[in-house]
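Remarks on the overall topology
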Amino acid sequence: MNPRWLAVVAGTRPEIIKLGHVARALGPVGRVVHTGQHESPELATDVLASMGITSARTLTGIVGRSRHTQIGRMVEQLGDLFTSDEPAAVIVQGDTNSAVSAAQAANTAGVPVLHVEAGLRSFDRAMPEEINRCVISVLTDVHCAPTTTAVRHLLNEGVSAAKIELTGNTIVETTLAMVPAAAEAAEIAAQAGAEPHRYVLATIHRTENADHPARLEAILDQLTKLGLPVLLPLHPRTRQSIIRFGLTPALDRLRAMPPVGYRTFLGLASLAGLIVSDSGGLQEECTVLKRPLIVVRNSTERPESIAAGFAWLVQPGEAISELGRQLLADSALRPRLSAIPCPFGDGTASDRIAAIARGFL
Ligand code: UDP
């Protein structure tokens, strides 16, 4: 039995990215448990290394399974770990199957839960992530909310104000620490065959897009109509869907590539004329990098990026190329975005969260 440790649970690329600085701030008392929800070098092991996480305990038989199998197996394995090794608290991040499983496992083992990025709501229960968020909130003891909007959602659901901490989002300091300087970013763009500000960067991987042939086809088609080269680092799930749905010919007019390392990706994002994505994290990163982002989704749990003027929510279809061409033609956009403050905090969230977590020791 060793009560003097804190479990930092991460399973997917965005969780590793957003918890890396928290784990570092905790030092030896923070031990990373990698669930293996993402397992490939591009989505997991390389990302762990780039965040300076050299030792992480990993679960087995998780990657590529159905949602219920993943959750069942993770609750079982994490429950065993938390029961035998008794962490003082379990830190989970965001809205993944890993996060909801760890919260459930901690609760059954009688260990408190600290939720990083608490209180986000899309109010779209068709999104598995929304269900995960709501379940995690019920199981959480300390909610680290990134924005006042997130705090309000938690209060509206009856969470006691005493259990909520307004911390900002850890992505701010992570992006600032990892983004290459302009000259290096230009090199990275050149290696991808692109000129600064004269290309589009796109990523697509959410269920609502990647698992629906008509939506995915419409998105790929629209990307080809933006009038600039489109760099498309393909999530493995999307690549599989493109093959399965017979959409491979659409890639001839796009610059598809495997997922790139986080630093390389931020370099490409920092000099993109436009970003088009259904990612959650990119909705935050674009506000630090001051780049315009078209969010291709039904709904978003991050309205702050839109309200601030960095992002626009559109459905797959004509709107992508129409709005995209308009944004690319707007020469005043870049200086305008540069002057808008980031709505996700001041870059101190990781240290604040680590300090709150230490309170459990
Ligand atoms: N990202 C990356 N390489 C890529 C594409 C994305 O490092 O080729 C990063 C991106 O900067 C962001 C995170 O991965 O921080 C987003 O992950 P994803 O879109 O898979 O998840 P979401 O943010 O939607 O939860």
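For every chain, the first residue of the written sequence is number 1, and numbering continues from 1 along that sequence. Residue-level local features of this predicted model are given only where pLDDT is at least 70; pairs of side-chain atoms are given and counted only at 80 or more, and the full residue set underlies all totals for whole chains, interfaces and linings. Just so you know, side-chain values use all the structure's heavy atoms and leave hydrogens and water out.

**Observations concerning helix α15 (residues 318-329)**
Side chains three or four residues apart in an α-helix point the same way, a direct result of the helix having 3.6 residues per turn. We apply this condition: Secondary structure elements are taken from DSSP: a helix is a run of H or I of four residues or more, a strand is a run of E of two residues or more, and numbering for both begins at the N terminus. Expected span of a helix: the number of residues minus one, times 1.5 Å. Remark: exposure states derive from per-residue accessible area (1.4 Å probe, protein chains only) relative to the maximum for the residue type, with buried under 20%, exposed over 50%, and partly exposed in between. We call two residues in contact when some of their heavy atoms are within 4.5 Å.
Its 12 residues place the ends of α15 17 Å apart at the C-alpha level, agreeing with the 16 Å of an ideal helix rising 1.5 Å per residue. For α15, the complete set of buried residues consists of Ile320, Ser321, Leu323, Gly324 and Leu327. Buried residues along α15 sit against α10 (213-223), β11 (274-277), β12 (293-296), β13 (311-314) and α16 (333-338).

**Some points on the site of the ligand**
Condition: Residues are labelled near a given molecule or strand when at least one of their non-hydrogen atoms is within 4 Å of it. Here a polar contact is recorded for every N or O atom pair within 3.5 Å, except that within protein the pair must consist of a potential hydrogen donor and a potential acceptor, and residues adjacent in sequence are included only if both atoms are side-chain atoms. Here the accessible surface of atoms and residues is derived via Shrake-Rupley with a 1.4 Å probe, and residues count as covered only by protein chains that are part of the display. Nonpolar residues are Ala, Val, Leu, Ile, Met, Phe, Trp, Tyr, Cys and Pro. Charged residues are Asp, Glu, Lys and Arg, and all others, Gly as well, are polar.
With respect to spatial proximity, 14 residues lie near the ligand, and among them Arg206, Val260, Gly280, Gly281 and Glu285 are the closest. Contacts to the ligand include His205, whose side-chain N or O atom sits 3.0 Å from an oxygen atom. Considered on its own, the ligand offers 540 Å² of accessible surface; in the complex 94% of this is hidden by protein. Considering each element in turn, the shell around the ligand owes the most residues, 3 residues, to helix α1 (residues 13-26). Among the residues forming the shell around the ligand, the class breakdown is 7 nonpolar, 4 polar and 3 charged.

**A word on the side chain of Arg291**
Short version of the rule: His is not counted, nor are the chain ends, whereas Lys and Arg count as positive and Asp and Glu as negative. Criterion for a salt bridge: a side-chain nitrogen of Lys or Arg within 4 Å of a carboxyl oxygen of Asp or Glu.
Among the secondary structure elements, Arg291 is positioned in the loop between α13 (281-289) and β12. Of the side chains with opposite charge, Asp330 comes closest to the buried, unpaired Arg291, at an N-O distance of 11 Å. At 2.9 Å, the side chain of Arg291 and the backbone oxygen of Ala272 are in polar contact. In this view, Arg291 contacts His197, Ala269, Ser270, Ala272, Gly273, Ile275, Cys286, Phe310, Arg334 and Leu337; residues no more than four positions away in its chain are not counted.

**Here's the deal with the packing of aromatic side chains**
Using the following cut-off: Think of it this way: a Phe, Tyr or Trp ring, Trp meaning its six-membered ring, pairs with another when their centres are within 6.5 Å, and the plane angle makes it stacked under 30 degrees, edge-to-face over 60, tilted otherwise. Charge over a ring is defined by NZ of Lys or CZ of Arg lying within 6 Å of the ring centre and within 35 degrees of the ring normal.
Under the definition given, this model contains 0 aromatic pairs. Of note, Arg31 hangs over the ring of Trp5, and the distance from its end group to the ring centre comes to 4.2 Å.

**A short note on the pattern of salt bridges**
Going through the model one piece at a time under the given rule, you end up with 17 salt bridges. A salt bridge links Glu301 to Arg302; its shortest N-O distance comes to 2.5 Å. Arg302 carries the same exposure label as Glu301, and that label is buried. Taking the shortest distance from any N to any O, the salt bridge between Asp330 and Arg336 comes out at 3.3 Å. The class for Asp330 is partly exposed, based on a relative accessible area of 27%. One salt-bridge network, in which partners are shared between bridges, spans Lys18, Asp95, Glu117, Glu130, Arg133, Glu284, Arg297, Glu301 and Arg302.

**Remarks on the pairing of β12**
Heads up, the rule is: Pairing between strands is defined by DSSP: at least two bridges between the two strands are required. A clockwise course of the path from the first strand over the helix to the second, judged with the strands pointing away from the viewer, identifies a crossover as right-handed.
Side-chain alternation along β12 places Leu293 and Val295 on one buried face and Ile294 and Val296 on a second face that is also buried. Of the pairings in the sheet, the one linking β11 to β12 comprises 3 bridges and is parallel in character. Pairing of Val276 across the sheet is with Ile294, part of β12. Taken together, β11, α13 and β12 constitute a β-α-β crossover, and its handedness is right-handed. Pairing geometry for β12 and β13, over 4 bridges, is parallel. Within β13, the residue paired with Leu293 across the bridge is Ala311. The parallel pair β12 and β13 is bridged by helix α14 (residues 303-308), and the resulting crossover is right-handed.

**Notes on the state of the cysteines**
Basically, it comes down to this: In what follows, a disulfide is any cysteine sulfur pair within 2.5 Å.
Evaluated as defined, the whole model comprises 0 disulfides. With no disulfide of its own, Cys134 lies closest to Cys144 among cysteine sulfurs, the gap being 18 Å. Cys134 gets classed as partly exposed once you look at its relative accessible area, which sits at 22%. Here Cys144 stays unpaired: no disulfide links it, and the sulfur of Cys342, its closest cysteine neighbor, is 17 Å away.

On their own, these measurements won't tell you what the molecule is for.
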